[in-house]
Amino acid sequence: MNAAKREIKIKRVSTRKRSRDSLKTHLTPARKRAGALGGAEGGEQCPRNWRSSSVMADINAAEYCSDSEDLFGDYDSILEDSSLLARLDNAEHNERQRELQNKAVDQQDFITLRPSTDADVWKRSCEDILTDSILDNLGDESFEDLPASQLEFQERVHEGAKRSKLQDGDKTSTPLRNAGVERNAEDKPRIQMKVRRSVTDQLKRTMLCNAAAPSGVSRSVVLKEAVVSEEISVAMQAMETVSAQTTDLGPFFGLPTKVKDLIYQLRGIERLYDWQETCLNLDCVHQRKNLIYSLPTSGGKTLVAEILVLRELLCRKKDCLFILPYISLVQEKVRGLASFGLELDFMVEEYAGSKGKFPPVKRRNQRSLYIATIEKAHSLVNALIETDRLENLGLVVVDELHMLGDGSRGAIIEMTLAKVLYVSKATQIIGMSATLGNIKDLQTFLKAENYTNDFRPVQLKEYVKVKDAIYEVDPKEEECFRFSRVLNFKYSSAMQKIDPDHIIALVTEVIPTHSCLVFCPTKKNCENVAGMVCKYLKEEFLQHREAEKAVLLRELRDSGNGSVCPVLRRTVPFGLAYHHSGLTSEERKLVEEAYSNGVLCLLTCTSTLAAGINLPARRVILRSPYVATDFLKRSQYKQMVGRAGRAGIDTEGESILVLQDKDRTMAKSLVCAPMENCYSNLMHDEGKGILSLVLSLIGLNITHSMDQVRDFLSWTLLYVQQKQLCVEKSLWKVVQQCVDLLKQKDLITVDAHGESLQVTKLGKATYKGSVDLTHSDELYTDLAKGLEGLLLNSYLHLLYLVTPYDMISQCKPDWMIFFRQFTQLSATEQKMSGAVGVPESFVARKAAGQTVKKNVNMMAVRRMYLAMVLFSLLKETNLWSVADKFQMSRGFIQTLLSSSSAFCSCVLHFTEELEEFWPFKALLTELTRRLSYCVKAELIPLMEVAGVMESRAKQLYKAGYKTLTHLANADPTVLSKTIENLYKKRANQIVASAKMLLNEKAAALQEEVDDLLMMPLDLPSQRLT
């Protein structure tokens, strides 16, 4: 561990200058001793085997006073500090306790706590490190003019050290207590006592001798004697201070210089922006107060958060939680920080989709950084509260804090932060947010300071286009727009009909030399615009990075097991592609990487890209001010145009909003109006959020009565904004209704007096499984009914039980396809379908177009149809063929698969709390794993690595990297050359992620071993009778 150098200011006893040469001790840095010797050959050096004590372990030499400094601070005499001897006793007692513990473990007199990996650094720093006894070798320099008592003191220490070395070799430099006890080796066995003479006793004896010394000595000798005694006093205080856990490890915002070097090596960032330095040096940051900081997109907000996270992990030795809105962002962050974790010795754990362990593994010797989606972060905080470990969470970072105002996900963020605020006062919260109109409300909620800056690394110029004229956005203008120029592009009449908004003219001004993003209102429009643009591009676009585009097409084909999207097949050769939720995860990843590396120069995309992974562009074009049929919100607009301008590449970025005349008035408010406000969503969707919150508060034993629930709600954003949001009924009335409804659903119980609130088993299963309260009864019924006749020779029944309820409404079965696939099921599978309410006769009648008189639960029918899609996918593991078979978009099937995987994990946690569902634990554990990856079994270990998709896993497996261990020990340079189209940076990230995952698994096993071998704390006393 690196420690910041501590300066100890010491007050002079005498105003007269004196030579320090005769008083140089080990309390003086080696360079000063060397300077005093004038470079003489005989200058002593610290022995190579000199070890620091546990008090000073891992602490670099303190920088002590120079001749020009005040030597003794506020100390005029060692005798004026009445508590000094008590503190010396405490320091000695602590030292002995550590020494005894080390002896019991390692059978050594003294061990160093410095990691062996730093051995070379340790040796180099030996000269500047204090010994375990600050009194050792005080006789290195001449003390001829000191009193006899001081000389006697030095001789005793010296003799003790010599005897110690004779008895124990070079194990320690500490004098032994049995200095005055000599035994004849022939008469009695020698007892090697390894307890040091108490520093306190030695100082007491020295001071008594000084007091009894004759007074007829010179004033200078008396003053020198006082100086030495007081230097000993100050050094002892330094030992106690430095040995305490320090929160300052180096010059880089309290972090070692190694962190700064890593940021440069891994990120290419040589120095921070001015605003970042200002933010990191804020008083509230140093005092660990909560903070919300707001900047435009691409301003560098995330780096500040990462530095604060590293400071918490390394300096305060606390775990951290980093909350991100999307799975793709979590995976990207895990890849990006895995290398830091390996170099700085902390764990990076992914909590997204079906990944994440609840409660997390408790580590004794390492800290963890949990990187989680919004939903997983809430479950993680619940688990930490339940196991009474939330105090170990030192910092919570929330990206996109303004998402507090975003429906049900905003409610989950609010619940998570309110619990952290209420339960752990020591946990710091850092929020990164877009600029908001009511940031004061968020400050009140989080009890946080606010830092705002309008910095952008690249200047942004905003424009709008009406017909063929382009206007610059200028809020100072009366109309908000100032004429800039007219488009200079010749359109034929045919082109004008196909492209009335002049998208081709706008994009060809920047591509292929620079990059461009075109935001479209719908997914279909994305594909149409990409196809339209490439029709009118010149042949030279085909030649731009032709070989790399051919590789990209080949990888897209491999990801689809031989199939490739016809639109992408036509557009990629021109350097164009589309990006929306209709792509598979693998296609999306390949397109993003190709765009980031400049292989693709234009993406047509939906608004979701603006909120996801950072893909900046020289020019951003908004095809329309609408998202589907809804007019853009200002926050959405700012997020999209914020992608314009690439730091370090472009000198400026520009955005162009394409308008029709009818939208001109609304566009003024869009581009010039102040930012909208952010409001609590606990009351969203008929109060689902507050209902779920109250249930979990009771289940986690945070609250036990109505008054306590009311008290907790005063820590929420809803409480801050109750005047605006609780108009029809008071917040207290809402709470009472929630409790009544939970009681009605048999999720909680209330005693006769209405005071004590307790959660039922079903209620506990509901909140621990993160199951929607509207579906908890239905899920319990389905599982109970399924258990009566569970089909175990096929996955179909289990898949039906874990098909998400919220996906059912999006499914409209094709009856002919349904019947065709139904007839291919085995007899037992068809019987199982009938048992859940979907008989073959019903499907056959619907396929024949006949009317069905018998009432059938259509929710069960649609759910069965989706279960058959998943069943087919698990058997074939080919998403493209399944999409073709069921005539569904591959994007929908990808969403169904990932949602089913996450819901399967929720159902697993739900069943773990209910004894009657014990068989599901083993069954759903394996099914969750299968749904998470949906590949052949041999590829699953490789797919566990963040960022490794199926086609990449196949490449790695084929190249001989068949296990996680193979990948963790791979050479990134060799890997990037072996695997086609794998860039060195990505190879480094993959290897680092594999190492981190391997370390995580090994550490979990080691913790389990330690737990098994640990002596029970509650072991009954074993007395002999």
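Computed from a predicted structure; not experimentally measured.

1. So, the pattern of salt bridges
Okay, step 1: This model, assessed by the stated rule, comprises 38 salt bridges.
Okay, step 2: A salt bridge links Glu 509 to Arg 485; its shortest N-O distance comes to 3.1 Å. Placement of the pair is Glu 509 in the loop between helix 16 (503-508) and strand 11 (516-519) and Arg 485 in strand 10 (residues 481-486), with a sequence separation of 24 residues.
Okay, step 3: Overall, the relative accessible area of 35% leaves Glu 509 in the partly exposed class.
Okay, step 4: What you see here is one network of salt bridges that share partners, running through Arg 364, Glu 1007, Asp 1010 and Asp 1011.

2. Overview of empty space enclosed by the protein
Okay, step 1: Considering all chains together, one arrives at twelve cavities of 30 Å³ or more under this definition.
Okay, step 2: Computed from the structure, the largest cavity encloses a volume of approximately 140 Å³.
Okay, step 3: Taken together, the elements giving at least two residues each to the lining of the largest cavity come down to helix 19 (546-559), helix 21 (585-596), helix 42 (950-958) and helix 45 (984-1013).
Okay, step 4: Ranked by the residues each element gives to the lining of the largest cavity, the list is headed by helix 21, at four residues.
Okay, step 5: Of the residues in the lining of the largest cavity, the class split is three nonpolar, three polar and seven charged.

3. So, unusual backbone geometry
Most peptide bonds take the trans form, and the phi angle of most residues other than glycine is negative.
Okay, step 1: Between Phe 358 and the following residue, Pro 359, the backbone shows a cis peptide bond with an omega angle of -10 degrees.
Okay, step 2: Tracing the backbone through its elements, the reader meets Pro 359 in the loop between strand 3 (347-351) and strand 4 (368-373).
Okay, step 3: Following Ile 511, the chain continues to Pro 512 via a peptide bond in cis, the omega torsion being 0 degrees.
Okay, step 4: Relative to the elements of secondary structure, Pro 512 occurs in the loop between helix 16 and strand 11.
Okay, step 5: Here the phi dihedral of Lys 317 falls at roughly 55 degrees; this positive angle occurs in a residue that is not glycine.

4. A short note on the environment of Leu 303
Okay, step 1: Positionally, Leu 303 belongs in helix 10 (residues 301-314).
Okay, step 2: In sequence terms Leu 303 and Gln 276 are 27 residues apart; their C-alpha atoms lie 8.3 Å from each other.
Okay, step 3: If near-sequence neighbours (up to four positions away) are discounted, Leu 303 is found in contact with Ile 263, Arg 267, Ile 269, Leu 272 and Gln 276.

5. Let's talk about the environment of Lys 977
Okay, step 1: The topology assignment puts Lys 977 in helix 44 (residues 972-978).
Okay, step 2: In this structure Lys 977 comes out as exposed when scored by relative accessible area, which is 70%.
Okay, step 3: Between the alpha carbons of Lys 977 and Ala 987 there is a distance of 9.5 Å; along the sequence they are ten residues apart.

6. A few points about the packing of aromatic side chains
Okay, step 1: Across all of its chains, the model carries 19 aromatic pairs by this definition.
Okay, step 2: Consider the rings of Tyr 273 and Phe 455, whose centres lie 4.7 Å apart with planes at 50 degrees: the pair is tilted. Separated by 182 residues along the polypeptide, Tyr 273 in the loop between helix 7 (257-267) and helix 8 (274-280) and Phe 455 in the loop between strand 7 (448-452) and strand 8 (459-466) bring together distant segments of the chain.
Okay, step 3: Under the relative-accessibility criterion, Tyr 273 is labelled partly exposed at 30%.
Okay, step 4: An aromatic cluster is present here, built from Trp 815, Phe 818, Phe 822, Phe 842, Tyr 865 and Phe 886 joined pairwise through their rings.
Okay, step 5: Above the face of the Trp 732 ring, Arg 710 is positioned so that its terminal group lies 4.4 Å from the ring centre.
Okay, step 6: The ring of Tyr 805 is capped by Arg 863, whose NZ or CZ atom sits 4.2 Å from the centre of that ring.

7. Focus: the sheet that holds strand 2 (residues 319-324)
Okay, step 1: As summarised here, the arrangement of the seven strands in space is 3-4-2-5-6-1-7, forming an open sheet in which the pairing is parallel. Single-partner strands in this sheet number two, and they are strand 3 and strand 7. Across this sheet, the average inter-strand angle for adjacent strands is 15 degrees, counted without regard to direction.
Okay, step 2: In the sheet, strand 3 pairs with strand 4 via five bridges, with the strands oriented parallel. Bridge pairing in strand 4 places Glu 349 opposite Tyr 370.
Okay, step 3: Sitting on the sheet, helix 12 (residues 374-386) touches strand 2, strand 3, strand 4 and strand 5 (393-398), and the angle it makes with strand 4 is about 135 degrees.
Okay, step 4: The strands touched by helix 14 (residues 439-446) are strand 1 (290-294), strand 6 (428-433) and strand 7; relative to strand 1, the strand with the most contacts, the crossing angle is about 160 degrees.

8. Looking at the state of the cysteines
Okay, step 1: Inspection of the entire model under this criterion finds one disulfide.
Okay, step 2: Paired by a disulfide, Cys 480 and Cys 672 hold their sulfur atoms 2.0 Å apart. Remark: Cys 672 occurs in helix 24 (residues 664-672) and Cys 480 occurs in the loop between strand 9 (469-473) and strand 10; sequence separation between them is 192 residues.
Okay, step 3: In this structure Cys 672 comes out as partly exposed when scored by relative accessible area, which is 24%.

9. Regarding a nonpolar patch on the surface
Okay, step 1: A contiguous nonpolar surface patch, about 340 Å² in accessible area, is contributed by Val 1009, Leu 1012 and Leu 1013.
Okay, step 2: Tracing the chain through its elements places Val 1009 in helix 45.
Okay, step 3: Relative accessible area serves as the criterion here: at 37%, Val 1009 is assigned to the partly exposed category.

10. Observations regarding the sheet that holds strand 14 (residues 619-622)
Okay, step 1: Strands sit in the order 10-9-8-17-14-11-13-12 across an open sheet of eight strands; the sheet is mixed. Across the chains shown, the open sheet's two edge strands, defined by having one partner strand only, are strand 10 and strand 12 (576-579). The sheet shows a mean angle of 25 degrees between the axes of neighbouring strands, direction not considered.
Okay, step 2: Contacting strand 8, strand 11, strand 14 and strand 17 (652-659), helix 23 (residues 634-641) runs over the sheet at an angle of about 145 degrees to strand 14.

11. Observations regarding the nonpolar core
Okay, step 1: Core analysis: the largest hydrophobic core is formed by 126 residues, its most contacted members being Leu 321 and Phe 818.
Okay, step 2: Per element, the largest residue contribution to this core is twelve residues, and it comes from helix 37 (residues 858-876).
Okay, step 3: Every residue in contact with Leu 321, bar those within four places of it in the chain, is listed here: Tyr 370, Ala 372, Ala 377, Leu 380, Val 381, Leu 393, Leu 395, Val 396 and Val 397.

12. Describing the packing of helix 39 (residues 890-912) against helix 40 (residues 920-933)
Okay, step 1: Following both chains from N to C, one finds helix 39 and helix 40 inclined at 160 degrees, their axes separated by 9 Å at the closest point. With respect to their mutual orientation, helix 39 and helix 40 come out roughly antiparallel. Considering the relative orientation of helix 39 and helix 40, their crossing is left-handed. Residues Leu 897, Ser 900, Ser 901, Cys 904, Ser 905, Val 907, Leu 908, Thr 911 and Glu 912 of helix 39 form the contact with helix 40, whose own contacting residues are Phe 920, Lys 921, Leu 924, Thr 925, Leu 927, Thr 928, Leu 931 and Ser 932.
Okay, step 2: For the contact of helix 39 with helix 40, the per-class residue count stands at eight nonpolar, seven polar and two charged.

Rules of the game
- Residues numbered from 1 in each chain as written.
- Predicted model: local features only at pLDDT ≥ 70, side-chain atom pairs only at ≥ 80, totals over all residues.
- Heavy atoms only, no water.
- Salt bridge = Lys/Arg side-chain N within 4 Å of Asp/Glu carboxyl O.
- Helix = DSSP H or I, 4+ residues; strand = E, 2+ residues; numbered from the N terminus.
- Buried < 20%, exposed > 50% of the residue type's maximum accessible area, 1.4 Å probe, protein only.
- 1 Å grid on protein atoms, 1.4 Å probe; cavity = no way out; pocket = protein on both sides within 12 Å on 5 of 7 lines; lining within 4 Å.
- Points joined across faces, edges and corners; volume = space filled by probe spheres on them.
- Nonpolar A, V, L, I, M, F, W, Y, C, P; charged D, E, K, R; others polar.
- Contact = heavy atoms within 4.5 Å.
- Phe/Tyr/Trp six-rings, centres within 6.5 Å; stacked < 30°, edge-to-face > 60°.
- Lys NZ or Arg CZ within 6 Å of the ring centre and 35° of its normal.
- Pairing = 2+ DSSP bridges.
- Axes fitted to C-alpha atoms, helices over the stretch in contact; angles between N-to-C directions.
- Disulfide = S-S within 2.5 Å.
- Patch = residues over 30% accessible without salt bridge, like charges linked within 9 Å, V, L, I, M, F, W, Y side chains within 5 Å.
- Areas by Shrake-Rupley, 256 points an atom, 1.4 Å probe, with all protein chains shown as cover.
- Core = buried A, V, L, I, M, F, W, Y, C linked by side-chain atoms within 4.5 Å.
- Parallel < 35°, antiparallel > 145°, perpendicular 65-115°, else oblique.
- Left-handed = near helix turned anticlockwise from the far one by under 90°.

What is shown is where atoms sit, not what they do.
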